[in-house]
Amino acid sequence: MLWSIISAIVIGAIVGALARLIIPGRQGISMALTLIVGIAAALIGTLIAGALGIANTGGIDWWEHILQLALAVVGVLLVTQMRPGKTHPGGTTRT
């Protein structure tokens, strides 16, 4: 159980950071919020991968990590859009 939590934090940090790199422009959200979005994406991605039967493979679980990354990108975009007065993808400012 402890290893699962540590793994979710580490993978969440990685997929959250990668999501911010993939999205063009400035997101205007903190690294802490990025970490939270990444952790949530990692946990949800693991649950979905488990339900699809692609969570445990003989090596690196690439499909699971791709799913987690896609969820993190969507999560970062959603959080960015919900923050008033911040910049969103494309670099324009919402008013």
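Every value quoted in this text rests on a predicted model; they were computed, and no experiment measured them. One numbering rule holds for all chains: residues counted from 1, following each sequence as written. Per-residue local features of the predicted model are confined to residues with pLDDT of at least 70, and side-chain atom pairs are confined, for both listing and counting, to 80 or more; whole-chain, interface and lining totals are unaffected and use all residues. Computation of side-chain values: all heavy atoms of the structure, hydrogens and water removed.

### Comments concerning a nonpolar patch on the surface
Right, so step 1: Only residues whose relative accessible area exceeds 30% and that take part in no salt bridge are eligible for patches, with like-charged residues grouped when within 9 Å of each other and nonpolar side chains (Val, Leu, Ile, Met, Phe, Trp, Tyr) grouped when within 5 Å. For every accessible area listed, the method is Shrake-Rupley and the probe measures 1.4 Å; residues are considered covered only by the protein chains on display. The term salt bridge refers to a side-chain nitrogen of Lys or Arg lying within 4 Å of a carboxyl oxygen of Asp or Glu. On the surface, Leu-2, Trp-3, Ile-6, Val-10, Ile-14, Leu-18, Leu-21 and Ile-22 cluster together into a nonpolar patch covering about 860 Å² of accessible area.
Right, so step 2: In this text, helices come from DSSP runs of H or I with a minimum length of four residues, and strands from runs of E with a minimum of two, each type numbered from the N-terminal end. Positionally, Leu-18 belongs in helix α1 (residues 2-22).
Right, so step 3: When accessible area is computed with a 1.4 Å probe and restricted to protein chains, residues below 20% of their type maximum are described as buried, those above 50% as exposed, and intermediate ones as partly exposed. In this structure Leu-18 comes out as partly exposed when scored by relative accessible area, which is 38%.

### A look at the nonpolar core
Right, so step 1: Among the nonpolar cores identified, the biggest contains 10 residues, and these are Val-15, Ala-19, Ile-23, Ile-29, Val-37, Ala-41, Ala-72, Val-73, Val-76 and Val-79.
Right, so step 2: The greatest single-element share of this core, amounting to four residues, is contributed by helix α3 (residues 62-82).
Right, so step 3: Throughout, a residue-residue contact means that at least one pair of heavy atoms, one from each residue, lies within 4.5 Å. Setting aside chain neighbours within four positions, we find Val-79 in contact with Ile-29, Leu-33 and Val-37. Definition of nonpolar core: a set of buried residues of the types Ala, Val, Leu, Ile, Met, Phe, Trp, Tyr and Cys, connected through side-chain atoms within 4.5 Å.

### Things to note about the packing of helix α2 (residues 31-52) against α3
Right, so step 1: Fitted lines through C-alpha atoms serve as axes, helices being fitted only where they are in contact, and the angles separating the N-to-C directions of these axes extend from 0 to 180 degrees. One way to put it is that α2 packs onto α3 with a least axis distance of 8 Å and a crossing angle of 140°. Of the possible angle classes, the one that applies to α2 and α3 is oblique. Like other packed secondary-structure pairs, α2 and α3 cross with a definite hand, here right-handed. Residue-level contacts link Leu-33, Val-37, Ala-41, Ala-42, Ile-44, Gly-45, Thr-46, Ile-48 and Ala-49 of α2 to Glu-64, Leu-67, Gln-68, Leu-71, Ala-72, Gly-75, Val-76 and Val-79 of α3.
Right, so step 2: Throughout, the ten residues Ala, Val, Leu, Ile, Met, Phe, Trp, Tyr, Cys and Pro are labelled nonpolar, Asp, Glu, Lys and Arg are labelled charged, and all others, Gly among them, are labelled polar. Residues belonging to the contact of α2 with α3 are distributed by class as follows: 12 nonpolar, four polar and one charged. Angle categories: roughly parallel below 35 degrees, roughly antiparallel above 145, roughly perpendicular from 65 to 115, and oblique for all the rest. When the near helix sits turned anticlockwise from the far one by under a right angle, the crossing is termed left-handed; a clockwise turn instead gives a right-handed crossing.

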